[in-house]
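Residue strings, one per chain:
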Amino acid sequence: MQEDTRKFVTFSYTFSDPWAGENADGSLEDAQEVTLSFRFAKPGKSQIQRMQDKAVKAPGQAARNLLLDVVHPDDKQALMDSMEEYPGVTMSLAGAILKGVGISSDLGN
């Protein structure tokens, strides 16, 4: 197996899960804070182009593919598990990565 020589940076995401604090009787406790951290490499031009091409028809799948392309191999299964449990994580993390390479919808007029 070829060694991965890309530089990886940790992205952390914290949010409140209002459903995590459910009691045995079905009542809800206070929301539980969830913090997820994964290491990602900087996406290349071809990965960004692939994501942009697919995003028109399937933005969620495009974001998922991008994340799985650039996640550290040791973090891949945990990321997939987190995306399954918290589907919104996919778009949030992909957005953070895209912002890190200069793609943003926050530009002024």
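This text goes with the structure placed above it.
Here goes a summary of the coordinates provided. None of the values given here were measured: they were computed from a predicted structure.

1. Details of the side chain of H72
And step 1. Checked against the element boundaries, H72 lands in the loop between helix 2 (59-70) and helix 3 (76-85).
And step 2. Each residue touching H72, except ones within four places of it in the same chain, is listed here: F8 and R39.

2. Details of the packing of aromatic side chains
One pair of aromatic rings is described through two measures. These are the centre distance and the angle between the planes.
And step 1. Applying the stated criterion across every chain, the model contains 4 aromatic pairs.
And step 2. Ring centres of Y13 and F15 lie 5.2 Å apart, and the angle between their planes is 35°; on these two criteria the pair is classed as tilted.
And step 3. Arranged with centres 6.4 Å apart and planes meeting at 65°, the rings of F38 and F40 form a pair that is edge-to-face. Each member of the pair F38 and F40 is classed as buried.
And step 4. Each member of the aromatic cluster is reached from another via a ring pair, and the members are F11, F38 and F40.

3. Focus on the nonpolar core
And step 1. By size, the foremost hydrophobic cluster in this structure holds 17 residues, and its most contacted members are F40, L67, L79 and L93.
And step 2. Looking at this core, the elements that each hand over two or more residues are strand 2 (32-41), helix 2, helix 3 and helix 4 (88-100).
And step 3. Apart from residues no more than four positions distant in its own chain, L93 is found in contact with F11, Y13, F38, F40, L67 and L79.
And step 4. The next biggest cluster of nonpolar side chains, apart from the first, holds 5 residues, and it includes M51, A62, L66 and L98.

4. Describing the packing of helix 2 against helix 3
And step 1. Look at helix 2 against helix 3: their axes get within 10 Å of each other, and the N-to-C directions meet at 160°. Taken as axis vectors, helix 2 and helix 3 run roughly antiparallel relative to one another. Read as a crossing pair, helix 2 and helix 3 show a hand that is right-handed. In this structure, helix 2 uses R64, L67 and L68 to contact helix 3, whose residues at the interface are K76, L79, M80 and M83.
And step 2. Here the contact of helix 2 with helix 3 is composed, by residue class, of 5 nonpolar, no polar and 2 charged.

5. Focus on the environment of M51
And step 1. Tracing the chain through its elements places M51 in helix 1 (residues 45-55).
And step 2. In the structure, M51 is positioned 11 residues away from A62 in sequence and 5.0 Å away in space, judged by C-alpha atoms.
And step 3. When neighbours within four sequence positions are excluded, M51 is seen to be in contact with A62, L66 and L98.

About the criteria used
Residues numbered from 1 in each chain as written. Predicted model: local features only at pLDDT ≥ 70, side-chain atom pairs only at ≥ 80, totals over all residues. Heavy atoms only, no water. Helix = DSSP H or I, 4+ residues; strand = E, 2+ residues; numbered from the N terminus. Contact = heavy atoms within 4.5 Å. Phe/Tyr/Trp six-rings, centres within 6.5 Å; stacked < 30°, edge-to-face > 60°. Buried < 20%, exposed > 50% of the residue type's maximum accessible area, 1.4 Å probe, protein only. Core = buried A, V, L, I, M, F, W, Y, C linked by side-chain atoms within 4.5 Å. Axes fitted to C-alpha atoms, helices over the stretch in contact; angles between N-to-C directions. Parallel < 35°, antiparallel > 145°, perpendicular 65-115°, else oblique. Left-handed = near helix turned anticlockwise from the far one by under 90°. Nonpolar A, V, L, I, M, F, W, Y, C, P; charged D, E, K, R; others polar.

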